[in-house]
Amino acid sequence: MKKKMRRIFTILFAGLMVSAQVWAVSAKDVCGQFDGDLNIAGSAYPNKTVYLLPGTVDNTVTFVLPDFKYNAGKLGNIVLPNIPMDEKGMLTLENSTLYLDSISERATITILNGIEDGGIVYNSIISETDAQVILSIGAPSLPEAILVLFQGKAATNKNYAIVNGGFEGEWTDGEPAGWHSFNSATGLMVDFIKGTDQFIQSTDVRPGSTGTHSALVSSTMALSAKANGNCTNGQINAGSTTADDPANNYNFSDPANDGFNTPFQGRPDSVVFWAKYMPADRDAANEVNKARLSVALTTNARYQDPETGDFASAKIASAAINYAATPDFGWQRISVPFEYHSDVTPSYILTTFTSNQTPGGGSSYTTGSSFNKVNVLDTVYLDDVELIYNRQLKAFAKGSETLDFVNNTATVSDNYCDDCAKYAAQSDGVSSQTFIAFDAAHKCIHIYVVADDYAQSGAYSLYRVVFADSETADLNPIDPTEGVDNISAAGKHFEKVLLNGQLVIRCGNEWYNISGTRIK
């Protein structure tokens, strides 16, 4: 058997070896998402993903290989908790670990620290950029133990966030990194709208911001026609003096338009942003006076907003809202859920902010003397645009019993038994996955919830099921993560908003204080 294992590794590791360089790493440093190739008994399976999560014991990591299959055998998610890691990033799991997937079977799995073949030593070793892990797997559906090699790179080349959502840094030619407006527009009308103050940097930031700037978007007059304030992470096409002309006036994202598209691979649940909207007539109750956000996640194809023709076929998901000013025209935090139209992984994201929901709409008035008239138009300050990936545990069942969690911990009166019940976990996010780690050493269960953005944010949620005989003294405490700042009641959607430093609740155009008394 050992000779066969070495022979298999000769096939697996040809040209794939990661040398055991000397570096000092911590578990926190190396955790993340790794994309690469999986080799099973000499056969290659490309484009696989492995997650390395922080262990529940110091200086350990939890290894996750989702949806593992071999020939006709389906082992499901391989989740190995609390794997010791030394300062060089080497992993060792010397004693075979009992593995139980909630939908599959038992298996014995060992992480091999290293194996020697022909005088060459191969190792299970991880760093911030690379991961190489050697597994030996035995299961009832397998005729004999198999060797599995994963080798991948950290998934740092993907984008799961809004670029420069705080509009920080220096602005070049009147535009911040990641965003564009009329100064970089294309179309027949660009010469009439470039150089305006329609999109400028401001020091008026939202409450609690860690940044120092926001963006101010304003309506303007172009050839006696009103042009809405407009900024996007795509490009503006200004092709007509008629504002409501979607065939010629639109924002667009085109894979061939380098510098004016935003590559994106995530499946977020919502988009959150801060806005201070001030319509010119200051009538916050007027239905006409609403600013607008629209976001589209798209395929690797051209897309335009507003949609015309066949452009809707490129849209994977969308989030849009027309929002009114607050009663005092102050800052408000707005959350908009995504509606998904396809299961395809996005390639680009197109985000558009405008100062009014209607092209060429909004309010204005003229002030000053006849010799010094000033047009007062709609303005909106924007700050901290962020994509939200839900990663909470929605439900966890032990057989037919649903467990209740308090501070991310559920207590079971039975003794620990890793094969006496089926477990099922459900998360609350579009992209989030749940991974169940059976910790036989501590006689408890850990549930990890990981969303698409884990590769960049490092954020995840951890839950623990404790049994009557659990031994948790040396486990790290769980830091419960906050849920989504939205509440629902009687079929209505409510959102918490800061108003002059005070927490209020908004439901559409209705405003309430924290006690539930309507204030507008």
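Reading guide: rules and limits
Sequence positions are assigned chain by chain, starting from 1 and proceeding in written order. Restriction of local features to residues with pLDDT of at least 70 applies here, the model being predicted, together with a cutoff of 80 or more for giving and counting side-chain atom pairs; totals for whole chains, interfaces and linings are based on all residues. Heavy atoms from the whole structure form the basis of all side-chain values; hydrogens and water molecules are not counted. A helix here means a DSSP run of H or I that spans at least four residues, while a strand means a run of E at least two residues long, and both kinds are numbered starting from the N terminus. In this scheme, a residue with accessible area under 20% of its type's maximum is buried, one over 50% is exposed, and one in between is partly exposed, where area comes from a 1.4 Å probe on protein chains only. Values of accessible area rely on a 1.4 Å probe in the Shrake-Rupley scheme; residue burial ignores everything except the protein chains shown. Between any two strands, at least two bridges found by DSSP are needed for them to pair. Axes here mean lines fitted to C-alpha atoms, for a helix over just the part in contact, with angles spanning 0 to 180 degrees between N-to-C directions. Residue contacts are defined here by distance: any two heavy atoms, one from each residue, within 4.5 Å place the two residues in contact. Put simply, two rings from Phe, Tyr or Trp (the six-membered ring, in Trp's case) pair if the centres are within 6.5 Å, and we call them stacked under 30 degrees between planes, edge-to-face over 60, tilted for the rest. Here, a charge over a ring means that NZ of Lys or CZ of Arg falls within 6 Å of the ring centre while also lying within 35 degrees of the ring normal. Per-residue confidence from the predictor is reported as pLDDT, a score between 0 and 100. Salt bridges are defined by distance alone: a side-chain nitrogen of Lys or Arg within 4 Å of a carboxyl oxygen of Asp or Glu. Within this scheme, the nonpolar core is defined by two criteria: the residues are buried Ala, Val, Leu, Ile, Met, Phe, Trp, Tyr or Cys, and they are joined through side-chain atoms within 4.5 Å. Pairs of N or O atoms within 3.5 Å make up the polar contacts considered here, provided that, within protein, one atom can donate a hydrogen while the other can accept it, and that residues adjacent in sequence are counted only when both atoms are side-chain atoms.

**Student:** How should the overall build of the protein be read in this particular structure?
**Tutor:** In terms of regular secondary structure, the protein is built from four helices and 39 strands. When each of the 520 residues of the protein is scored for burial, the buried share is 53%. Split by element, the accessible area of the protein, about 23100 Å² in all, is 48% carbon and sulfur.

**Student:** Could you clarify how one ought to interpret the sheet that holds strand S31 (residues 409-411) in this entry?
**Tutor:** In spatial order, the strands read S31-S35-S34-S33; together these four strands make up an open sheet with mixed pairing. Each edge of the open sheet is held by one strand with a lone partner, namely S31 and strand S33 (433-439). Averaged over all adjacent pairs, the angle separating strand axes in this sheet is 20 degrees, with direction ignored. Here seven bridges tie S33 to strand S34 (residues 444-450), and the two strands are oriented antiparallel to one another. Within S34, the residue paired with Ile436 across the bridge is Ile447.

**Student:** What is the right way to look at the environment of Leu387 in this model?
**Tutor:** Tracing the backbone shows Leu387 in strand S28 (residues 379-388). Each C-alpha atom, one on Leu387 and one on Gly165, is 9.4 Å from the other, the two residues being 222 residues apart in sequence. For Leu387, the residues in contact, after removing those within four places along its chain, are Tyr160, Ala161, Ile162, Phe264, Pro268, Ser270, Val271, Phe338 and Ile349.

**Student:** Honestly, unusual backbone geometry in this entry has me stumped. Any pointers?
**Tutor:** A cis amide bond links Asp305 to the next residue, Pro306, at an omega of 5 degrees. Within the secondary structure, Pro306 sits in the loop between strand S21 (303-305) and strand S22 (315-323). One non-glycine residue, Asn59, adopts positive backbone phi at about 60 degrees. Note on placement: Asn59 falls in the loop between strand S2 (43-54) and strand S3 (60-70). Judged by its relative accessible area of 57%, Asn59 is exposed. Although it is not a glycine, Asn164 sits at a positive phi angle of roughly 55 degrees. Within the element layout of this structure, Asn164 appears in the loop between strand S11 (146-154) and helix H3 (190-193).

**Student:** Sorry if this is basic, but what is going on with the packing of aromatic side chains here?
**Tutor:** Any aromatic ring pair is given by two values, namely how distant the centres are and how the planes are angled relative to each other. One pass over the structure, following the stated rule, counts 18 aromatic pairs. Consider the rings of Trp179 and Phe353, whose centres lie 6.1 Å apart with planes at 45 degrees: the pair is tilted. In this pair, Trp179 is assigned in the loop between S11 and H3 and Phe353 in strand S25 (residues 348-354), connecting sequence segments 174 residues apart. We classify Trp179 as buried; its relative accessible area is 0%. Above the face of the Tyr381 ring, Lys276 is positioned so that its terminal group lies 4.9 Å from the ring centre.

**Student:** Where do I start with the sheet that holds S21 in this structure?
**Tutor:** What the three strands build is an open sheet, ordered S17-S18-S21; its pairing is antiparallel. Every other strand in the sheet has two partners, leaving strand S17 (235-238) and S21 as the edge strands with one partner each. With strand direction ignored, the average angle separating the axes of adjacent strands in the sheet is 35 degrees. When strand S18 (residues 249-253) meets S21, the two strands line up antiparallel, connected through three bridges. Note that in S21 the partner of Ser253 across the bridge is Tyr303.

**Student:** I would appreciate a short explanation of the confidence of the model for the protein in the present structure.
**Tutor:** In regions of low pLDDT, the predicted coordinates are not meant to be interpreted in detail. Per-residue pLDDT for the protein averages 83, and the proportion of residues at 70 or more is 80%. Overall, residues 1-23 carries pLDDT values under 50, and its contacts beyond four positions in sequence, including any with other chains, amount to 50 contacts. Counted against residues more than four places away or in other chains, residues 482-491, with its pLDDT under 50, gives 17 contacts.

**Student:** Teacher, can you tell me more about the pattern of salt bridges here?
**Tutor:** Throughout the structure, instances matching the rule amount to 11 salt bridges. The partner of Asp130 in a salt bridge is Lys153, with the nearest N and O atoms 2.5 Å apart. One end of the pair, Asp130, is in strand S10 (residues 130-138); the other, Lys153, is in strand S11, and 23 residues separate them in sequence. Exposure remark for Asp130: the relative accessible area of 19% places this residue in the buried category. The salt bridge involving Lys276 is made with Asp204; its shortest N-O contact spans 2.3 Å.

**Student:** Would you explain the pairing of S17 in this entry?
**Tutor:** Look at any regular strand and the pattern is simple: side chains alternate between the two faces of the sheet. Because side chains alternate across S17, one face comprises the buried residues Gln235 and Asn237, and the other comprises Ile236 and Ala238, equally buried. The pairing of S17 with S18 spans four bridges and is classified as antiparallel. Across the sheet, Gln235 pairs through a bridge with Phe252, a residue of S18.

**Student:** Teacher, can you tell me more about the nonpolar core here?
**Tutor:** Nonpolar side chains in soluble globular proteins tend to end up buried together. Among the nonpolar cores identified, the biggest contains 45 residues, and Val61, Phe63, Phe68, Leu80, Leu135 and Ile137 are the most heavily contacted of them. In this structure, Phe68 is in contact with Leu38, Ile40, Lys74, Leu75, Gly76, Ile78, Ile137, Ile146 and Val148, ignoring residues within four places of it in sequence. Core analysis: the next-biggest nonpolar cluster, separate from the first, contains 42 residues, Ala215, Tyr277, Ile321 and Val380 among them.

**Student:** Help me out: how do you make sense of the environment of Val57 in this one?
**Tutor:** Among the structural elements, Val57 can be located in the loop between S2 and S3. Taking relative accessible area as the criterion, Val57 reaches 18% and is therefore assigned buried.

**Student:** For this particular structure, what's the right way to read the side chain of Ser355?
**Tutor:** Tracing the backbone through its elements, the reader meets Ser355 in the loop between S25 and strand S26 (364-367). Assessed through its relative accessible area of 0%, Ser355 is described here as buried. Of the polar contacts made by the side chain of Ser355, one reaches the backbone nitrogen of Gly229; its length is 2.8 Å. Not counting the four nearest positions on each side in its chain, Ser355 is found in contact with Val217, Ser218, Ser219, Asn228, Gly229, Tyr277, Lys290, Ala291, Asp378 and Val380.

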